[in-house]
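Close look at the chain arrangement
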Amino acid sequence: MDPPRPSLLLLLLLVVLLRSSSSSVEAAEGGGGDLSKLSGVIIPGFASTQLRAWSVLDCPYSPLDFNPLDSVWLDTAKLLSAVNCWLKCMVLDPYNQTDHPECKSRPDCGLSAITELDPGYITGPLSSVWKEWLKWCIEFGIEANAILAAPYDWRLSPSMLEERDLYFHKLKFTFESALKLRGGPSLVFAHSLGNNVFRYFLEWLKLEVAPKTYIQWLDEHIHAYFAVGPPLLGSTESVKATLSGATFGLPVAEGTARLMYNSFGSSLWMMPFSKYCRADSTYWKNFFDGKNREQYTHHCEDMEFQSNYSGWPTDIINIEVPSIRGTDAYPSISEVAQTVPSDMECGLPTQLSFSAREVSDGTFFKAIEEYDPDSKRLIYQLRKLYQGDPVLNPLTPWDRPPLKNVFCIYGIDKKTEVGYYFAPSGKPYPDNWIITDIIYEHEGTLTSRSGNSVDGNPGASSGDETVPYHSLSWCKTWLGTKVNITRAPQAEHDGSDVQINLNVEHHPDEDIIPNMTRTPRVRYITYYEDSESIPGRRTAVWEVDKANHRNIVRSPVLMRELWLQMWHDIHSDTKEKFVTKGKRGPLRDVDCYWDYGKARCAWPEYCEYRYVFGDVHLGQSCRLRSSSADLLLNYL
């Protein structure tokens with residue numbers, strides 16, 4: 001056989017080079033093979049971005065004034081010394097969303113805006129949000145320019161975020177800059193309201209890029225989307241904040257908190273709504289010019305009227321309206337000081353109940369318009385900022401985002417509020433309503449604070465103490481017809497307690513209830529993984545037992561699973577589409593501890609006793625035998 005000619009050798013060499021270059025490009029596009037190419041974009045939740053003063057405000061009767069760049073949300077010292085002055089920097093005009101004439105506040109930028117809202121020895125840990133997350137990134141060797149924060153003014157409605165701050169233009173530029181800087185796509189970490197913000201961004205993006213390149217842009221710039229604690233169908237606590245006020249643990253009166261909350265355009269963004277009602281999509285490029293604004297056509301399926309409670313466990317609101325109407329329903333302070341009129345004593349109140357649909361479409365606010373002065377403002381915001389938004393009506397259920405990898409993560413089995421009973425308090429506005437009873441869901445049952453029996457349709461589990469399970473679990477509808485279910489302990493384990501069900505049948509409109517056992521006192525993570533129905537797309541849902549809504553972003557268990565999944569994705573030689581759940585050993589030094597029964601460090605194959613000067617107890621001297629990177633290789 002004759003040897004190949006030089007020209008043929010060059011041709012073969014060229015083919016090999018082309019194949020190797022194409023494979024490296026594919027690895028870069030998929031985020032595989034090189035951790036240095038990935039970026040992480042964090043979109044925080046409601047009240048999780050630092051707001052700073054952008055004006056000078058002299059606060060009378062207080063030694064503390066507001067100067068430019070002073071922290072507003074959250075500065076407890078100024079809040080305690082001059083609450084009225086602080087409110088001027090927080091409230092917005094409810095109609096045009098402009099600042100108070102005497103004070104202006106704007107969101108901080110960078111990672112410092114989302115780590116600790118009120119830094120300090122005492123207040124710092126209490127206001128910490130994403131600080132522990134960043135510690136994990138640093139401990140695992142992530143570069144400083146690989147973690148990008150996308151803070152925003154959480155007081156604004158979605159359209160006003162773009163109109164006033166060009167937020168979505170900046171977010172688009174953030175993804176494009178990360179791709180140029182790192183050479184690979186980004187991972188999106190959104191928490192709570194941040195998921196609603198990201199959803200609106202995906203719809204807004206359709207107006208900015210050509211329709212034929214929309215999916216291409218997403219595939220190039222976003223590798224995976226981690227939706228943490230998403231209020232996909234709203235949260236009932238927003239109703240409580242609207243009618244009676246939510247203090248967020250601050251030393252302010254509920255009425256004051258209500259005045260502040262209802263001035264925000266975002267106060268309706270997390271209102272509960274029905275999964276059976278949608279709005280026709282209407283795109284309008286120049287929607288900020290105020291010309292030819294088109295309203296969405298809102299329509300509901302027949303199931304909305306055939307089923308009870310709009311698919312929720314119970315009616316969201318049960319309210320007693322006064323027997324009198326108009327301004328007499330919320331008297332002035334001087335009137336309250338007088339004796340109660342005889343007509344108020346003898347008049348019998350009327351009990352009204354409202355479902356999630358009747359809350360989101362404005363029926364509830366219209367019904368109490370004559371009894372509450374805030375209703376008129378809320379109806380205006382609802383119509384203009386949500387129902388009339390030409391990009392998206394956020395108070396409608398959303399489908400699976402058109403991204404390559406979607407992970408929905410939330411806590412379950414916490415006692416969560418799902419309904420309220422309101423009655424007139426006899427006090428002037430804004431304290432004219434009082435909560436007489438609360439309906440909770442807890443581990444698949446409905447209970448009342450007063451102990452009364454509650455009729456309804458409880459789900460298979462309960463929510464995360466803030467968002468009901470019905471809203472969190474909506475992302476299960478994004479899974480396909482065949483789902484692999486795995487239940488594993490949250491703590492480090494050897495795999496003996498892992499339960500797996502493969503190819504479980506899933507109907508799109510029904511919840512998936514795993515046929516698995518639970519060991520008492522053991523907290524589990526249940527994984528629902530689907531990688532078959534959509535080619536080139538992965539969808540997973542993680543349910544974390546007893547995880548609190550706000551603290552889930554600080555959960556070591558969640559961060560461990562995220563790191564394992566990301567490490568799994570960057571290696572092109574992985575055997576499975578999802579990381580294995582068979583075994584969980586220590587990944588950090590703090591995961592190692594002393595086993596007093598065996599007089600050695602627990603997990604001896606991972607940990608060893610290695611004293612370092614300054615250790616004060618045996619467990620502190622238990623450290624990993626190998627580096628975290630070497631341990632992560634066990635999960636490929």
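Above this text you will find the structure in question.
So, here is what we can say about the structure in this document. Once a new chain begins, its residue numbering starts again from 1 and follows that chain's sequence as written. Confidence filtering applies because this is a predicted model: local features only for residues at pLDDT of at least 70, side-chain atom pairs given and counted only at 80 or more, and all residues used for totals across whole chains, interfaces and linings. Hydrogens and water molecules were not included; the side-chain quantities draw on all heavy atoms of the structure.

1. Structural notes on the sheet that holds strand β19 (residues 538–545)
Short version of the rule: Two strands qualify as a pair provided that DSSP identifies no fewer than 2 bridges between them. Each helix is a run of DSSP H or I of at least 4 residues and each strand a run of E of at least 2, with the numbering of both proceeding from the N terminus. To get an axis, fit a line to the C-alpha atoms, keeping to the stretch in contact for a helix; angles then go from 0 to 180 degrees between the N-to-C directions.
Taken together, 9 strands build an open sheet; the order of strands is β5-β1-β6-β7-β12-β19-β18-β16-β17 and the sheet is mixed. Whereas interior strands pair on both sides, the edge strands pair on one side only; in this sheet they are β5 (147–149) and β17 (499–505). The mean inter-strand angle of the sheet, taken between neighbouring strand axes irrespective of direction, is 15 degrees. In terms of strand pairing, strand β18 (residues 524–530) meets β19 through 6 bridges, oriented antiparallel.

2. Here we look at the pairing of strand β6 (residues 186–191)
To keep it simple, the criterion reads: Think of it in three bands: with a 1.4 Å probe and only protein chains considered, a residue is buried below 20% of the maximum accessible area for its type, exposed above 50%, and partly exposed in between.
In terms of burial, β6 is largely enclosed, as 6 of its 6 residues are buried. In β6, alternate side chains face the same way, and those of S186, V188 and A190 on one face and L187, F189 and H191 on the other are all buried. As defined by bridge partners, strand β1 (residues 39–43) adjoins β6 across 5 bridges and the pair is classed as parallel. Bridging from a neighbouring strand, I42 pairs with F189 of β6. Relative to strand β7 (residues 222–228), β6 is paired through 6 bridges, and the arrangement is parallel. In the strand pairing of β7, A190 is matched with A227.

3. Quick word on the pattern of salt bridges
Between side chains of opposite charge, a pair can form as their charged atoms come close. Worth spelling out the cut-off: Each reported salt bridge corresponds to a side-chain nitrogen of Lys or Arg within 4 Å of a carboxyl oxygen of Asp or Glu.
One pass over the structure, following the stated rule, counts 35 salt bridges. In this structure, the salt-bridge partner of D99 is R106, at a minimum N-O distance of 3.0 Å. Judged by its relative accessible area of 17%, D99 falls in the buried class. Salt-bridge contacts for K414 lead to E465; the nearest nitrogen and oxygen are separated by 3.8 Å. Of this pair, K414 sits in the loop between β12 (405–412) and β13 (416–424) while E465 sits in the loop between β15 (445–448) and α18 (469–472); the two residues are 51 residues apart in sequence, bridging distant segments of the chain. One network of salt bridges, in which partners are shared, links D99, R106, D153, R155, R164 and D165.

4. What to know about a nonpolar patch on the surface
Under the convention used in this document: Patches here are clusters of residues that have more than 30% relative accessible area and form no salt bridge, with a 9 Å joining cutoff for like charges and a 5 Å cutoff for nonpolar side chains (Val, Leu, Ile, Met, Phe, Trp, Tyr). Method for areas: the Shrake-Rupley scheme with a 1.4 Å probe, in which residue coverage is limited to the protein chains shown.
A grouping of Y596, Y609, Y611, F613 and L618 is seen on the molecular surface, where their side chains present a nonpolar patch of about 670 Å² in accessible area. With respect to the helices, strands and loops of the structure, F613 is situated in the loop between β22 (607–609) and β23 (622–624).

5. Observations regarding the nonpolar core
It is characteristic of soluble globular proteins that their nonpolar side chains tend to be buried jointly. Put simply, the test is: Throughout this description, the term nonpolar core refers to a set of buried Ala, Val, Leu, Ile, Met, Phe, Trp, Tyr and Cys residues connected via side-chain atoms within 4.5 Å. Throughout, a contact is declared for two residues whenever any of their heavy atoms are within 4.5 Å.
Ranked by size, the top nonpolar core spans 169 residues in total, and within it I43, W73, W86, F198 and F201 carry the most contacts. The greatest single-element share of this core, amounting to 9 residues, is contributed by helix α8 (residues 193–208). Setting aside chain neighbours within four positions, we find F201 in contact with F168, L171, K172, F175 and W217.

6. Digging into the packing of α8 against helix α9 (residues 214–221)
Between two packed helices, both the angle of their axes relative to each other and the distance between the axes serve to describe the pair. Test applied: Orientation categories follow fixed angle ranges, with anything under 35 degrees roughly parallel, anything over 145 roughly antiparallel, 65 to 115 roughly perpendicular, and all other angles oblique. Crossing chirality is assigned from the near helix's rotation relative to the far helix, an anticlockwise turn below a right angle marking it left-handed and a clockwise turn marking it right-handed. Gly falls in the polar group here, along with every residue not listed as nonpolar (Ala, Val, Leu, Ile, Met, Phe, Trp, Tyr, Cys, Pro) or charged (Asp, Glu, Lys, Arg).
The interhelical angle for the contact between α8 and α9, taken along N-to-C directions, is 130 degrees, at an axis separation of 10 Å. Between α8 and α9, the angle is such that the two are oblique. Remark: the crossing between α8 and α9 carries right-handed chirality. Residue-level inspection shows F201, L202, L205 and K206 of α8 in contact with α9, the latter providing Y214, W217 and L218. Residues belonging to the contact of α8 with α9 are distributed by class as follows: 6 nonpolar, no polar and 1 charged.

7. Remarks on the state of the cysteines
For clarity, the cut-off: Two cysteine sulfurs form a disulfide in these notes if their separation is within 2.5 Å.
This model, assessed by the stated rule, comprises 6 disulfides. Each disulfide pairs two cysteine sulfurs, and for C59 the partner residue is C85, the sulfurs being separated by 1.9 Å. Measuring the twist about the S-S bond at about -70 degrees, one finds the C59-C85 disulfide to be left-handed. You can see C59 sitting in the loop between β2 (51–53) and β3 (71–73) and its partner C85 sitting in helix α3 (residues 83–90), a full 26 residues away along the chain. Judged on exposure class, the residue C59 and its partner C85 are both buried.

8. Notes on the packing of aromatic side chains
Using the following cut-off: Think of it this way: a Phe, Tyr or Trp ring, Trp meaning its six-membered ring, pairs with another when their centres are within 6.5 Å, and the plane angle makes it stacked under 30 degrees, edge-to-face over 60, tilted otherwise. To sit over a ring, a charge needs its Lys NZ or Arg CZ within 6 Å of the ring centre and within 35 degrees of the ring normal.
What the rule picks out here adds up to 31 aromatic pairs. With centroids separated by 5.3 Å and ring planes inclined at 80 degrees, the aromatic side chains of Y167 and F168 adopt a geometry described as edge-to-face. F168 gets classed as buried once you look at its relative accessible area, which sits at 0%. Aromatic side chains F168 and W204 sit 6.1 Å apart centroid to centroid with 35 degrees between the ring planes, which places their arrangement in the tilted category. Within this pair, whereas F168 is found in helix α7 (residues 167–182), its partner W204 is found in helix α8, the two being separated by 36 residues in sequence. With a relative accessible area of 2%, W204 lands in the buried category. Through successive ring pairs, a cluster of aromatic residues spans Y152, Y167, F168, F175, F198, Y200, F201, W204, W217 and Y225. The lysine or arginine in question, R538, covers the ring of F578, its NZ or CZ lying 5.4 Å from the ring centre.

9. What to know about α3
Among all positions in α3, only C85, W86, L87, C89 and M90 are buried. Buried residues along α3 sit in contact with β2, β3, α2 (76–81), β4 (105–107) and α11 (254–262).

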